[in-house]
Structures are given as C-alpha cells and as structure tokens.
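# Working through the structure, step by step
Spelled out from the first residue to the last, the chains are:
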Amino acid sequence: MKLKEMSDNLYQFVEDLFPLNRSLTGNGVRQTLNYIKDIIPELNIYEIPTGTKCFDWTIPREWNCNDAYIITPEGEKICEFKKNNLHLVGYSIPLNKEMPFNELKKHLYFLEKQPDSIPYITSYYKENWGFCISYNQYKKLKDGIYKVKIDTTLENGYLTYGEVILKGEEEKEIFLSTYICHPSMANNELSGPAITSYLAKFISELKVRRYTYRIIFIPETIGSIMYLSKNHDVMKRNVISGFQITCVGDNNSFSYLPSRQGNSLADKVALHILENYCLNFKKYTYLDRGSDERQYCFPGIDLPVCSVMRTKYREYDEYHTSLDNLEYISPQGLFGAYKTYINIIEALECNYIYMANILCEPQLNKIDGLYSDLYTKNNYPNIGNILNFITYCDGKNDLIDISNIINLKYKDINNFIGLLIQNNIIRKI
Amino acid sequence: MKLKEMSDNLYQFVEDLFPLNRSLTGNGVRQTLNYIKDIIPELNIYEIPTGTKCFDWTIPREWNCNDAYIITPEGEKICEFKKNNLHLVGYSIPLNKEMPFNELKKHLYFLEKQPDSIPYITSYYKENWGFCISYNQYKKLKDGIYKVKIDTTLENGYLTYGEVILKGEEEKEIFLSTYICHPSMANNELSGPAITSYLAKFISELKVRRYTYRIIFIPETIGSIMYLSKNHDVMKRNVISGFQITCVGDNNSFSYLPSRQGNSLADKVALHILENYCLNFKKYTYLDRGSDERQYCFPGIDLPVCSVMRTKYREYDEYHTSLDNLEYISPQGLFGAYKTYINIIEALECNYIYMANILCEPQLNKIDGLYSDLYTKNNYPNIGNILNFITYCDGKNDLIDISNIINLKYKDINNFIGLLIQNNIIRKI
Amino acid sequence: MKLKEMSDNLYQFVEDLFPLNRSLTGNGVRQTLNYIKDIIPELNIYEIPTGTKCFDWTIPREWNCNDAYIITPEGEKICEFKKNNLHLVGYSIPLNKEMPFNELKKHLYFLEKQPDSIPYITSYYKENWGFCISYNQYKKLKDGIYKVKIDTTLENGYLTYGEVILKGEEEKEIFLSTYICHPSMANNELSGPAITSYLAKFISELKVRRYTYRIIFIPETIGSIMYLSKNHDVMKRNVISGFQITCVGDNNSFSYLPSRQGNSLADKVALHILENYCLNFKKYTYLDRGSDERQYCFPGIDLPVCSVMRTKYREYDEYHTSLDNLEYISPQGLFGAYKTYINIIEALECNYIYMANILCEPQLNKIDGLYSDLYTKNNYPNIGNILNFITYCDGKNDLIDISNIINLKYKDINNFIGLLIQNNIIRKI
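What you see is a predicted model; the values in this text were computed from it and never measured.

### Looking at the overall build of chain A
- Counting its secondary structure elements, chain A contains 12 helices and 19 strands.
- In chain A, which comprises 429 residues, the proportion classed as buried is 63%.
- The long-range fraction of contacts in chain A, counting pairs at least 24 apart against all pairs at least 6 apart in sequence, stands at 80%.
- Working note: accessible area of chain A is about 16,400 Å², and carbon and sulfur atoms make up 46% of it.
- Taken as two groups, the 47 positive and 51 negative side-chain charges of chain A have centres that lie 2 Å from each other.

### Focus: the relation of the copies chain C and chain A
- When chain C is fitted to chain A, the best match, at an RMSD of 0.1 Å, comes from turning it 120° and sliding it 0.1 Å along the axis. Taken together, the rotation angle and the small translation identify this as a three-fold axis. Closest approach to the rotation axis among the C-alpha atoms of chain C is made by Asn263 of chain C, whose C-alpha sits 13 Å away.

### Digging into the environment of Tyr46 of chain A
Residues and elements named next belong to chain A.
- Relative to the helices and strands, Tyr46 is located in strand 1 (residues 44–49).
- For the pair formed by Tyr46 and Asn34, sequence separation is 12 residues and the distance between their alpha carbons is 12 Å.
- Beyond its immediate stretch of four places on either side in the chain, Tyr46 contacts Leu159, Thr160, Tyr161 and Glu163.
- Within the structure, Tyr46 has its side chain in polar contact with the side chain of Glu163 (distance 3.5 Å).

### Side note on the interface of chain B and chain A
- Taken together, the contact pairs 29 residues of chain B with 34 residues of chain A.
- Across the chain B-chain A interface, the total number found is two salt bridges.
- Where chain B packs against chain A, one counts eight residue pairs in polar contact (both at pLDDT 80 or more).
- Of all the secondary-structure elements, those providing two or more residues to the side of chain B that touches chain A are strand 17 (353–356), helix 10 (385–391) and helix 11 (399–406) of chain B.
- Ranked by residue count, the leading element in the side of chain B that touches chain A is helix 10 of chain B, at four residues.
- Residues of the side of chain B that touches chain A, tallied by class, amount to 16 nonpolar, eight polar and five charged.

### What to know about the sheet that holds strand 5 (residues 77–78) of chain A
Residues and elements named next belong to chain A.
- Spatially, the four strands line up as an open sheet ordered 5-4-9-6, and their pairing is antiparallel. The two strands at the open ends of the sheet, each matched to only one other strand, are strand 5 and strand 6 (95–100).
- In the sheet, strand 6 pairs with strand 9 (residues 145–155) via six bridges, with the strands oriented antiparallel. By the bridge assignment, Asn96 is partnered in strand 9 with Lys149.

### Focus: helix 5 (residues 191–204) of chain A
Residue and element names in this part refer to chain A.
- Its 14 residues give helix 5 an end-to-end C-alpha distance of 20 Å, which sits within 8% of 20 Å, the value for a rise of 1.5 Å per residue.
- For helix 5, the buried fraction is high: 11 of the 14 residues fall into the buried class.
- Inspection of helix 5 places Ser191, Gly192, Pro193, Ala194, Ile195, Thr196, Ser197, Tyr198, Leu199, Ala200 and Ile203 among the buried residues, and these make up the whole buried set.
- Of the surrounding secondary structure, the elements contacted by the buried residues of helix 5 are helix 1 (3–17), helix 2 (27–39), strand 10 (158–166), strand 11 (173–179), strand 12 (212–218) and helix 9 (331–349).

### A closer look at the nonpolar core
- By size, the foremost hydrophobic cluster in this structure holds 448 residues, and its most contacted members are Phe243 and Phe389 of chain A, Phe243 and Phe389 of chain B together with Phe243 and Phe389 of chain C.
- Residues in contact with Phe389 of chain C, not counting those within four places in the same chain, are Tyr354, Leu399, Ile402, Ile406, Ile413, Phe416, Ile417, Leu420 and Ile426 of chain C.

### Notes on unusual backbone geometry
- Even without being glycine, Asn424 of chain A reaches a positive phi, approximately 65°.
- A residue is classified by how much of its surface remains accessible, and Asn424 of chain A, at 54% relative accessible area, is exposed.
- At Asn407 of chain C, a residue that is not glycine, the phi angle is positive and equals roughly 60°.
- By the secondary structure assignment, Asn407 of chain C is in the loop between helix 11 (399–406) and helix 12 (410–422).
- Its relative accessible area of 61% is what places Asn407 of chain C among the exposed residues.

### Considerations on the interface of chain C and chain A
- With 34 residues of chain C at the contact, the number on the chain A side is 29 residues.
- At the boundary of chain C with chain A, total buried surface from both sides reaches about 2,800 Å², with 58% on carbon and sulfur atoms.
- It is Asp56, Leu287 and Phe298 of chain C that lose the most area in chain C upon contact with chain A, and together they represent 24% of the buried surface on that side.
- Along the contact surface separating chain C from chain A lie two salt bridges.
- Salt-bridge contacts for Arg294 of chain C lead to Glu361 of chain A; the nearest nitrogen and oxygen are separated by 2.8 Å.
- Here the side of chain C that touches chain A gets three residues from one element, more than from any other, and that element is helix 6 (residues 222–238) of chain C.
- Classifying every residue of the side of chain C that touches chain A by side-chain character gives 16 nonpolar, 10 polar and eight charged.

### Some thoughts on helix 9 (residues 331–349) of chain C
- In this model, helix 9 of chain C (19 residues) spans 27 Å end to end at C-alpha, consistent with the 27 Å of a helix rising 1.5 Å per residue.
- Counting buried residues in helix 9 of chain C gives 15 out of 19 residues, a clear majority hidden from the surface.

### Here we look at the packing of aromatic side chains
Residue and element names in this part refer to chain A.
- Per the stated rule, a full pass over the model turns up 66 aromatic pairs over all chains.
- Counting every residue linked through ring pairs, the aromatic cluster contains Trp57, Trp63, Tyr91, Tyr124 and Tyr125.
- The ring of Tyr352 carries Arg210 above its face, with NZ or CZ at 3.6 Å from the centroid.

### Remarks on the side chain of Arg289 of chain A
- Relative to the elements of secondary structure, Arg289 of chain A occurs in the loop between strand 15 (282–283) and helix 8 (293–296).
- Buried charge without a partner: Arg289 of chain A forms no salt bridge, and the closest opposite charge is Glu361 of chain B, 4.9 Å away.
- A polar side-chain atom of Arg289 of chain A sits 2.7 Å from a polar atom in the side chain of Asn388 of chain B.

### Things to note about the sheet that holds strand 10 (residues 158–166) of chain B
All names here are of chain B.
- Spatially, the eight strands line up as an open sheet ordered 1-10-12-11-13-16-14-15, and their pairing is mixed. Each edge of the open sheet carries a strand with a single partner, namely strand 1 (44–49) and strand 15 (282–283).
- Relative to the sheet, helix 2 (residues 27–39) contacts strand 1, strand 10 and strand 12 (212–218), its axis offset from that of strand 10 by approximately 20°.

### Let's talk about the packing of helix 1 of chain A against helix 2 of chain A
All names here are of chain A.
- Where helix 1 contacts helix 2, the two axes come as close as 11 Å, and the packing angle between them is 155°. Classed by the angle they form, the pair helix 1 and helix 2 counts as roughly antiparallel. The crossing of helix 1 and helix 2 is right-handed. Counting all contacts with helix 1, which are made through Gln12, Phe13, Asp16 and Leu17, the residues of helix 2 involved are Thr32, Tyr35, Ile36 and Ile39.

### Observations regarding the pairing of strand 16 (residues 305–309) of chain C
All names here are of chain C.
- The element strand 16 is extensively covered by neighbouring structure, given that five of its five residues are classed as buried.
- Side chains of strand 16 alternate between two faces, with Val305, Ser307 and Met309 and Cys306 and Val308 buried alike.
- In terms of strand pairing, strand 13 (residues 239–244) meets strand 16 through two bridges, oriented parallel. Counterpart to Phe243 in the pairing with strand 16 is Cys306.
- Here strand 14 (residues 255–257) runs beside strand 16; their pairing, made up of three bridges, is antiparallel. Paired with Tyr256 across the bridge in strand 16 is Val308.

### What to know about the environment of Pro119 of chain B
Residue and element names in this part refer to chain B.
- When you line up the elements, Pro119 lands in the loop between strand 7 (108–109) and strand 8 (131–132).
- Spatially, the C-alpha atoms of Pro119 and Leu323 are 8.8 Å apart, while their sequence positions differ by 204 residues.
- For Pro119, the residues in contact, after removing those within four places along its chain, are Leu86, Tyr109, Phe110, Leu111, Cys132, Ile133, His320 and Thr321.

### Let's talk about the pairing of strand 9 (residues 145–155) of chain B
Residues and elements named next belong to chain B.
- In strand 9, alternate side chains face the same way, and those of Tyr146, Val148, Ile150, Thr152 and Leu154 are buried while those of Ile145, Lys147, Lys149, Asp151, Thr153 and Glu155 on the opposite face are not.
- Bridge analysis of strand 4 (residues 62–71) against strand 9 gives nine bridges, and the strand direction is antiparallel. Looking at the pairing, Ile71 lines up with Lys147 of strand 9.

### Points about the environment of Ile218 of chain B
All names here are of chain B.
- By the secondary structure assignment, Ile218 is in strand 12.
- Through-space distance from the C-alpha of Ile218 to that of Ile180 is 5.7 Å; in sequence the pair is 38 residues apart.
- Ignoring any residue separated from it by four or fewer positions in sequence, one finds Ile218 in contact with Tyr161, Ser177, Thr178, Tyr179, Ile180, Gly223, Ser224, Asp292 and Tyr296.

Quick notes on the rules
- Residues numbered from 1 in each chain as written.
- Chains lettered and ligands numbered in written order.
- Predicted model: local features only at pLDDT ≥ 70, side-chain atom pairs only at ≥ 80, totals over all residues.
- Heavy atoms only, no water.
- Helix = DSSP H or I, 4+ residues; strand = E, 2+ residues; numbered from the N terminus.
- Buried < 20%, exposed > 50% of the residue type's maximum accessible area, 1.4 Å probe, protein only.
- Contact = heavy atoms within 4.5 Å.
- Areas by Shrake-Rupley, 256 points an atom, 1.4 Å probe, with all protein chains shown as cover.
- Lys, Arg positive; Asp, Glu negative; His and termini not counted.
- Charge placed at Lys NZ, Arg CZ, Asp CG, Glu CD.
- Least-squares fit on C-alpha atoms with pLDDT ≥ 70 in both.
- Polar contact = N/O pair within 3.5 Å; in protein donor to acceptor, adjacent residues only side chain to side chain.
- Salt bridge = Lys/Arg side-chain N within 4 Å of Asp/Glu carboxyl O.
- Nonpolar A, V, L, I, M, F, W, Y, C, P; charged D, E, K, R; others polar.
- Pairing = 2+ DSSP bridges.
- Expected span 1.5 Å × (residues − 1).
- Core = buried A, V, L, I, M, F, W, Y, C linked by side-chain atoms within 4.5 Å.
- Buried area = accessible area lost by both parts, 1.4 Å probe.
- Phe/Tyr/Trp six-rings, centres within 6.5 Å; stacked < 30°, edge-to-face > 60°.
- Lys NZ or Arg CZ within 6 Å of the ring centre and 35° of its normal.
- Axes fitted to C-alpha atoms, helices over the stretch in contact; angles between N-to-C directions.
- Parallel < 35°, antiparallel > 145°, perpendicular 65-115°, else oblique.
- Left-handed = near helix turned anticlockwise from the far one by under 90°.

Here it is, written out as structure tokens:
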C-alpha cells in the first residue's frame with residue numbers, strides 16, 4: 001500500500017460520507033455502515049430495537065429527517081437541513097408551525113464568538129426542537145411571523161451498529177472502537193471511522209495474526225453502553241488492549257489520553273510508539289476524557305482502553321461546528337494517524353516475552369556478520385544493541401519493556417530477533 | 001456554635017488556666033482536669049501511684065509547690081514563684097538556705113539572647129533545684145549573701161490524667177492526645193488542651209458518630225508511655241487515625257508532622273485538609289518530631305499518629321519562655337486550628353469506600369436538576385464532578401482518595417453523595 | 001596498617017607485575033598468580049584444559065610469546081615485544097616472513113589521534129597476527145621489504161585462574177572478582193588485582209568474619225563464564241553481594257556501575273559508602289557496563305554484582321593504550337579505592353537488622369553520659385542520633401536503611417550500637 005494511495009483512500013472516505021445525516025440512529029448510520037462494508041466485507045451490521053434496556057439506559061426511538069427549514073417573514077428559506085444537516089438540532093421532533101420571532105428565537109442556537117459557524121447541537125433524551133444558525137445570519141433576522149417546518153420522524157425502530165471480529169491464533173483480543181453518530185463534521189467524527197475501516201482491512205489481510213481483533217462502529221455513549229451490555233463478559237476475559245479511535249484527521253501533533261488504570265498494556269505500547277515515532281505529542285489525564293473510554297474503563301467494566309488522537313475533541317475552535325469540515329483535515333493527517341495505529345498493532349503483535357537460552361553471554365562472534373573479531377579500543381563487540389537486548393531477556397520483560405530500558409525502537413529490535421531465535425540464543429516464552 | 005462564641009471560649013480556657021502550676025504531677029494538673037471536666041463531663045480522671053512501672057519508665061514522685069523566692073542581700077524578694085511559676089525549675093527539691101552569690105549563680109538560668117524572658121526549665125529525673133530569671137534582672141545581682149526559699153514537696157503520690165471515651169457505631173477508634181504538664185505558657189501548651197476539650201465536646205454532641213473516640217489529657221512523655229503501657233493492645237487493634245494536638249494557638253501558618261509510617265489514614269486525611277483548606281502550610285519530616293508521637297509511633301506500638309499544628313515547638317523564639325504568653329496566641333488562631341481539626345474529624349467520619357451500583361455511566365439526566373438535556377459545544381454533561389466521582393467509585397478508592405484524584409475538596413463531594421445513594425447510583429461497601 | 005605502607009604496597013604490586021605478558025592464558029598469568037599467592041597464601045590456583053566447554057564458550061588454546069619484532073628495510077628492529085608487550089596483537093599466531101610494506105601495513109595498528117601511544121589490541125577467537133605501533137613511528141616507515149618475526153606458541157594447554165575462599169560465621173557470601181588478562185597497563189588492569197589481593201589479605205586477617213568471602217582472579221569474559229559454569233549453583237544460593245573490581249588506580253573521582261537489578265544489597269551499601277565518603281562520584285547505568293558484571297548479572301545467573309571504580313574503562317583517553325602506565329595511577333589513588341572497598345566490606349559485615357527491645361522510648365538518662373538531665377529550651381534530650389536510630393529499629397530496616405533515613409554515616413551509628421546492645425535496648429534479629 002503506497003502512502004499516496006492510502007492517504008487518498010482515507011480522505012475519499014471522509015468526502016464520500018460527509019453529507020450523510022448521521023445520529024444515534026437512522027438511515028444515515030445505515031448508509032455509513034454499508035459504505036464501510038465495501039471496504040471490510042467481514043463487517044456484520046446489527047439492529048437493536050427501540051426500548052431495549054442496556055444497564056441504566058434504554059435504546060431510544062429511531063430518528064430520521066426528510067427536510068427542515070425556516071421561512072422568514074420576507075419569504076426567504078433559511079436554516080435548510082438539505083444544505084447543511086447541522087442546521088437542525090439532532091433528534092428535533094416534527095413541527096409545522098407559524099410563530100413570531102420572539103417565540104422562534106428560543107429555539108435558535110448560534111456562537112457569537114465564531115459568527116460564521118453553525119454549531120452542532122442535539123437533544124437526544126428530551127423532546128425538543130431547534131435550529132442552529134451562524135451568528136451573522138441570526139443578526140439579520142427581524143421581527144415578524146416565521147414558518148417553521150421540521151419533517152422528521154421519531155418512532156420505534158432500531159439502533160444500528162457494525163462489528164468486525166477477526167480471529168487470531170490467540171483468543172486474547174485487541175479492541176478498536178469508533179463512533180458513527182456525528183453528521184457533517186470531518187475530524188470529529190469521520191476521521192475515526194475512516195481510519196478504523198482501513199485498519200480493519202489491514203488487519204484482515206495480515207498473513208499471520210496473533211491476536212483476535214474486535215472492531216466496532218457504534219453511536220457514541222448509548223452505542224458503547226449497549227455493546228458492553230451484550231459483550232462485557234467475553235471482553236473482560238479476552239481484551240488485553242483497546243483503543244478509542246477519534247479525532248485523527250488533522251495534521252497537528254498527536255495526543256494521548258490514558259486508560260483509567262493508566263498503566264495497561266495498551267498505554268505502554270501507545271506511549272512507546274508516541275515517544276519513539278511521534279514528536280511533541282501531548283499527554284492528557286483520564287480527567288480529560290470524553291468519549292467511549294468513559295464506558296470501557298468504568299468500574300466493573302475496567303477494560304484497558306486508551307486513545308491516540310490528533311487534536312482532541314474540545315481542544316480546537318472548529319470542534320462541534322460547521323468549521324470542522326473537509327478543509328480542517330488532510331490526507332497527510334489521516335495517513336499519519338493510520339500509520340501510528342499500524343505501528344501500535346504491529347508492536348502488540350510482536351510484543352512477546354523472551355528468555356535467554358543460555359547462561360552468560362553467548363559467543364556472538366560465532367554468528368557470521370554480527371561482530372568484529374578484533375577487540376580494539378574503539379570497538380566493543382561485547383556491548384551493543386543485540387547484547388543489550390539479550391541481557392534483559394529474563395522471562396519477565398516483554399519486548400516493549402526492553403525497548404524502553406535500552407532506548408531502542410521496537411522495530412530496531414525486531415530486525416534482529418529472527419536471527420537470535422534461529423541461532424537458538426533466545427526463545428519465546 | 002458561632003465563630004465568635006467559640007473563639008472566645010477557647011481563649012477564655014487559656015486565660016483561666018494560665019496561672020496554674022502544671023507539671024508531670026501535682027495539684028495544678030488536677031485543677032486543670034477539673035476545669036476540663038466542666039466542658040466535657042464524660043472526662044474520667046485517673047490517678048497512677050508513684051513507683052508504678054511503665055515499660056522502661058517509673059511514675060515519679062508527686063511534686064507540689066507552695067512558694068519559692070530569693071531574698072537579695074539588699075532585702076529584695078526576686079524570682080517569686082507566686083508571680084510567675086516559670087521562675088522555679090520544675091521538680092526543684094525543697095530548700096531553705098543562705099548562700100553567697102557564687103554558689104547561687106550555679107542554680108540560676110537565663111537567656112542572654114532574650115534578655116527580658118524567663119526560660120522554662122525542668123529536672124524531672126535528677127534531684128536538683130534552680131531558679132529561672134531574665135538576663136536583664138540577672139545582670140543587676142551583686143555579690144553578697146542570698147536567702148533561698150523553696151517550699152516544695154516531692155513525695156510518693158500520683159500522676160493524674162484524664163480520658164474521654166465516646167462510643168461510636170464502629171469499634172474502630174480515632175485517637176486525640178494532648179498534654180497538660182506545662183506551667184504558665186500559652187501556645188505550648190494550653191492551646192492543645194483548649195482545642196482538644198472543645199473538640200471532645202463537639203464530638204460528644206454529634207448526632208451520628210461513626211467512630212469511637214479516645215481522647216486523653218496527659219503529661220508529656222511519661223504520660224503517653226504510662227497510657228500506652230495500659231492500653232496499647234486495644235489501641236493497636238482499634239485506632240485507625242490519631243492526632244497529637246499541640247501548639248495550635250497562634251495565628252501563623254499551619255504545619256504538619258507525619259506519623260513514622262508517613263502514609264497512614266491520619267496522614268492522608270490531614271494532608272487533604274491542609275492542602276485544600278490551609279494555605280502555605282509547612283511540612284516537617286518525622287525526624288523533626290518531639291512530642292508524644294515519639295511514643296505512639298515507636299516500633300511495636302506503631303500507631304498512625306501525626307500532628308497538625310500552628311507554629312511548631314522549637315520553631316518560634318518565644319517557645320519555652322515567659323514570652324509564650326497570652327499575647328502570643330489569639331482567639332482567631334485558636335479557632336482556625338479548632339476548625340481544621342473539625343474538618344479532619346468530619347472527613348474521617350464520611351470517608352467511606354463507595355462502589356458504582358451499575359455498569360457503565362448512569363443516565364444522569366434522568367435525575368432532576370443534575371444535568372442539562374442539551375448537548376452543546378460548551379456544555380459537556382457527560383463530564384463533571386459527579387461523573388468524575390462515580391468513575392473512581394471502584395470499591396478500592398475511599399472518598400479522600402477520589403477527592404485527591406479528581407481535585408475536589410471532600411465537602412464538595414459530600415454535597416452530592418446523598419443524592420447518588422438515594423438514586424441507587426452508588427453504595428457504601 | 002599505615003596509610004603510607006599500604007599505599008606503597010599497592011603501587012609496588014603494580015610496578016612489579018607491570019612488565020609481564022598477561023593474556024587470557026599463558027605463563028604471564030601464572031607468574032601473576034604466583035606473586036599474588038605470596039600476599040594471600042590461601043589462594044588456590046587452577047588450570048582448566050583447552051577445549052573445556054563453558055556454556056556457549058570453549059576454553060581456547062594457550063598462548064605464549066618468546067619474542068616478536070619487525071626488521072625494517074634499513075635494518076632497524078622495531079615493535080619489539082621485549083620492550084613493550086603491547087606491540088604484539090594478543091593471540092598473534094607464529095610467523096617468520098619477509099614481505100613488502102604494502103602487505104605488512106594491513107597488520108599494523110595505530111591511533112592517529114594519540115600519535116605517541118601504542119594501542120592495545122587482541123584477536124582471541126580468530127587466528128590472526130599484527131603489531132601495534134605509535135602513529136609517529138608508523139609515519140616514518142618507508143616502502144621496502146620488512147622481516148616479520150613472531151615467536152609465539154598457540155597450543156593446547158590451560159586457562160589459569162586463582163580463587164580464595166575465606167569461611168565466615170555464615171554461609172552467605174560476599175563475592176569479589178577482578179581480572180588478570182591485561183598486559184602492560186596500570187589502571188586497566190593491574191589496579192584491580194592489586195587492590196583485590198590486599199583486600200583478600202585484610203579479610204583473611206579479620207578477627208571476626210561474619211560472611212564467607214569468595215575472591216577470584218580470572219581472565220575477563222571467558223574466565224568469568226568458565227567460573228560461573230562451575231560455581232553458579234552455589235553462588236546463586238549464597239552470594240548476597242558482589243563487586244567487580246576494576247579501574248581503581250587513578251586519583252580521580254569515584255564512579256559506580258549498578259548491578260542489572262539495580263537495587264541489590266551490594267548496590268545499597270556501595271551507594272551509602274559513595275554518598276557519605278566519596279564526594280562527587282559519577283553514576284553510570286547498567287547500559288554502560290563492560291566487564292564481568294555482564295556475566296554475573298546475566299538472566300538466569302542474576303548475581304547482585306556492581307562496580308565501584310575510579311575512572312571507568314573507556315572513559316579516559318589513556319584507556320587501552322601504552323599511556324595507561326605507571327604514571328597514570330598513583331599510590332594515593334590506589335589507597336583511596338582500597339579504603340573505599342574496606343568501608344563497603346565493614347558496612348556489609350555490620351549491616352544487621354535490629355529491633356527495639358522495649359515498647360516506647362527507653363529512659364536514656366538512666367545510661368551514664370548519654371543525656372543531660374536538664375530539659376532546657378535548647379537541649380532536647382529526647383531527640384538525637386541515638387533515639388533516631390532506635391526509633392527505626394523496627395525489625396525491618398537494616399543498619400544501612402536507617403543510616404539513610406536518619407542521614408548518618410554507618411560508622412557514626414556503629415559507634416553507639418555496642419552500648420545499646422549492652423544496655424539491652426536493642427537486639428539483633
């Protein structure tokens with residue numbers, strides 16, 4: 001896979017799906033999942049009926065929107081859903097009504113500080129309606145009678161989600177989660193589904209797959225709670241590392257949000273990759289959390305799930321506005337995040353515990369090409385990356401531990417591990 | 001209890017008891033304890049006979065003083081015990097003798113650097129006599145024959161101490177200790193008995209009392225050793241937190257002296273209160289110790305006892321001189337220390353371990369008033385103090401642990417715990 | 001033993017043995033060991049036959065050299081082994097051959113940056129030959145036919161090493177290792193054998209010896225691997241602290257290289273001595289290792305062996321050249337390192353765990369001379385080094401732990417331990 005080709009694929013994904021009206025439920029979610037299934041045919045799509053109990057929560061009614069707009073007293077059509085689905089407050093109830101501006105304006109949302117942007121607002125769990133509008137447009141509105149048209153349905157139906165299970169040599173699982181409930185925004189959140197889809201494809205094509213992979217595409221919060229209510233037993237038994245994939249589309253520095261326990265295998269590997277391959281990444285604490293790790297790391301669930309992101313939700317001005325658009329992200333930004341997750345997955349796959357096969361240092365000059373035979377002042381054949389590595393193969397440290405102790409990238413060690421195993425110097429345990 | 005009323009009570013306590021001649025033993029101690037019993041009628045007063053063995057120590061003879069003074073060659077009466085009991089070295093033996101200045105001066109103690117102050121000196125365990133005098137007065141003394149009169153008794157008798165036991169719902173105990181062996185000094189040490197007496201009163205009036213309280217008023221060192229020799233078994237079994245209350249009368253910054261183990265519950269709670277409610281407090285190490293924690297934390301005793309003080313013994317110039325007087329302390333200083341100990345006690349009482357009752361985050365918008373229903377860019381109902389708290393209710397962290405993790409004062413958490421329990425979201429374990 | 005006498009002994013040792021041609025094997029090693037046996041008659045000398053398997057290694061053939069030199073086209077004799085044995089590459093095969101300069105120069109080694117020095121080079125495990133020459137001399141050589149004479153033998157024979165076992169009251173062992181395979185160089189490595197020999201003598205003369213001492217004089221790498229292949233079972237069972245003694249001859253600051261585990265008893269004691277008795281010592285990490293600790297700390301061997309050195313191998317320009325000579329080291333430098341190891345051994349010998357014999361502080365004024373009887377403002381008889389020490393005698397901390405906690409040198413504590421035991425205040429456990 002070439003850099004250019006993959007960068008384009010990822011960006012194309014976001015472009016293609018950008019116009020759809022995703023929400024917790026509805027046809028926008030179904031269309032999104034069908035598009036993903038073209039990339040990763042192992043995707044299974046599930047429908048959970050309205051009213052299903054999931055721990056403290058209940059699957060809400062399904063929401064769909066045909067059209068929505070406002071007609072001004074001057075007869076101008078504004079806040080057209082068909083032009084930008086952010087104009088309509090998510091889960092707005094149907095409405096067809098005339099009203100004076102004084103009443104209408106209680107249902108209009110805007111951002112004075114970002115006067116050109118349309119904010120993104122929802123009201124999932126309380127019946128309500130509203131429109132989002134740029135402040136500059138809002139300021140032009142005058143008194144008079146407005147006609148409000150909201151052609152939505154809020155009915156018993158389904159919550160739709162996708163799941164890919166890719167069996168590995170081991171039952172132990174790597175878990176990837178991303179969400180598909182945001183309408184026309186790019187970094188948060190079409191970047192996550194884009195990268196997760198192509199990661200799933202990459203993993204499905206691995207010639208050797210050590211771990212089993214559980215990869216899900218769900219609406220945020222209610223989706224992860226629903227998924228855990230069905231799967232937390234098996235996940236608690238098997239998941240050794242998980243990643244919440246979100247906000248991975250821009251081209252700024254990486255950031256890291258730990259799991260609640262903070263020192264899981266997922267955290268260790270993520271930090272090794274970030275420290276060795278991603279300059280100047282930013283570290284958050286678990287108090288800065290805000291996505292589905294809130295559920296995955298909840299007491300009693302306790303999964304080892306952390307996040308590697310580009311610019312984190314809430315930390316950029318364009319967040320949750322119409323400015324989080326196709327210009328905010330870039331093919332390079334998407335590809336860099338994709339590559340970072342590939343590194344994480346490869347590091348996990350090769351993160352074995354090794355044990356030296358012989359007592360005392362092996363006589364490495366017996367192995368062709370490894371060492372010079374001449375011991376001079378500036379040639380210390382007895383010390384070097386290979387002997388440093390073997391010296392910590394004590395049956396307790398794993399590959400990443402040793403990488404961190406001897407200050408080498410995991411790939412630099414992986415380069416010579418085959419030779420050492422072949423020569424019977426170390427063994428996996 | 002109003003601030004003003006309590007401040008006045010505490011200061012009045014010190015004023016009332018200031019003139020008494022307290023020492024390891026004697027009537028000054030008895031009078032002091034009787035005064036305290038008026039505040040906290042649950043006080044039991046015990047008398048331990050001279051000669052009683054307590055570990056490596058023996059209860060000394062009882063010492064009382066009727067009068068003591070010196071007559072100068074000029075016929076002037078100086079160093080009058082009745083004017084200031086600090087003039088007489090503690091435990092001075094009886095004497096009625098004329099002597100030249102050369103002999104007398106071997107028994108005179110003064111502080112050249114604090115020429116107006118009378119030092120405080122004792123000789124508990126070796127028979128001796130002496131007078132303490134300001135350096136300015138000492139300089140005026142001339143050669144000649146002096147008449148020395150010390151009308152003391154040093155006879156078999158009793159060591160007197162007080163104990164309050166306030167039963168709680170649990171057998172586990174909070175332990176408070178203060179000492180009553182210092183004569184006319186205010187910060188060290190009438191401030192400790194004042195605050196401890198009114199803390200005992202406060203605790204005795206608690207409507208719900210989770211822990212049992214063991215509160216003692218003893219002479220320093222020999223008193224704590226004697227008390228431990230009688231009670232260390234039950235204390236070792238039950239005491240979960242203890243505090244040595246001393247030097248709590250001035251109005252300067254707080255200070256903290258850890259227990260020997262350093263990370264006990266007492267230390268954790270004291271530090272939480274100091275860090276959240278007392279600016280710029282000073283931290284000492286256990287090597288700076290000097291009061292009865294020396295006994296409580298001794299190997300084999302190992303009680304979790306630390307100290308929260310104002311200006312620590314030895315750390316202020318007035319310490320152990322006549323300048324540690326009623327002007328050195330203040331009603332405000334006493335009240336602030338009293339309030340700090342109330343906070344410590346309340347924090348201990350409410351320091352339960354909680355466990356989330358449901359898996360995954362609860363749907364808090366079902367509870368009236370807790371959360372907005374509208375999810376906007378700047379309103380993150382999913383993150384906040386309440387969810388932060390629940391997120392760490394994993395059955396391992398106690399309330400103070402979580403307060404420290406999520407950077408909240410324990411009171412701010414306690415405010416909403418009732419609501420969470422009532423709504424079945426968390427439970428005590 | 002006087003400072004002057006011991007300094008002279010140590011320096012004399014290096015002077016006497018400097019000219020010998022030591023290598024992995026051969027008569028230079030035998031002569032060196034015989035000299036050491038004069039100092040410490042308990043030395044046993046062992047001979048291990050060529051071909052003996054030791055883990056991954058095999059004892060090489062024995063190498064001896066009678067003579068070696070080059071005759072220039074002008075008839076000048078250069079690179080004379082008899083003038084400086086560094087001229088000949090270690091383990092050079094026999095040769096008697098004429099050749100043009102172009103061929104000869106492939107076998108000549110020099111250091112352009114240190115043009116007056118002869119480098120030290122070996123080729124133990126691949127048959128080869130060569131001469132080492134100063135760059136200044138090398139530059140003068142002209143084209144023409146050179147006569148090369150190498151009168152060496154490389155035949156089946158023995159690897160020779162020495163071992164001293166000094167039994168103690170306990171089976172537990174202190175292990176000292178040094179190497180005797182370097183030809184005419186002083187800091188690296190006649191300083192190590194010099195100090196180790198006189199340490200062995202010091203230990204053999206101890207009136208009371210708590211631990212058993214295992215002290216070995218071996219060739220580096222192959223020697224320690226051979227020794228471990230014969231002794232690692234008993235060593236793993238018994239060795240509680242070990243030290244690789246090397247580079248201890250110059251008069252610069254001390255340095256410390258930890259064991260692989262890093263926090264062994266050996267490390268703790270070495271650090272206590274360095275921090276309290278050796279100013280400005282330098283700390284290395286185990287990644288900087290390069291001597292026989294590589295074998296002693298190898299996974300599966302796992303002995304607690306660290307190094308206290310003067311200027312570490314590789315860290316000084318003279319290292320592995322003819323400039324590491326008798327002028328590079330000094331009697332004072334040797335003596336200082338000797339004294340430091342004596343401190344380490346004494347600290348280990350007295351490093352017991354003590355337990356306070358009584359509950360609560362003992363009444364120390366009962367012991368003559370320990371404390372003043374008068375309690376004044378500036379005389380705190382209750383706090384001091386003795387009570388600080390007893391206060392941490394909890395049956396868990398050892399002497400060095402307490403020294404570190406209360407910021408005292410181990411000797412300052414040891415001074416009063418006898419008195420405390422005698423008075424039944426503490427006991428060994």
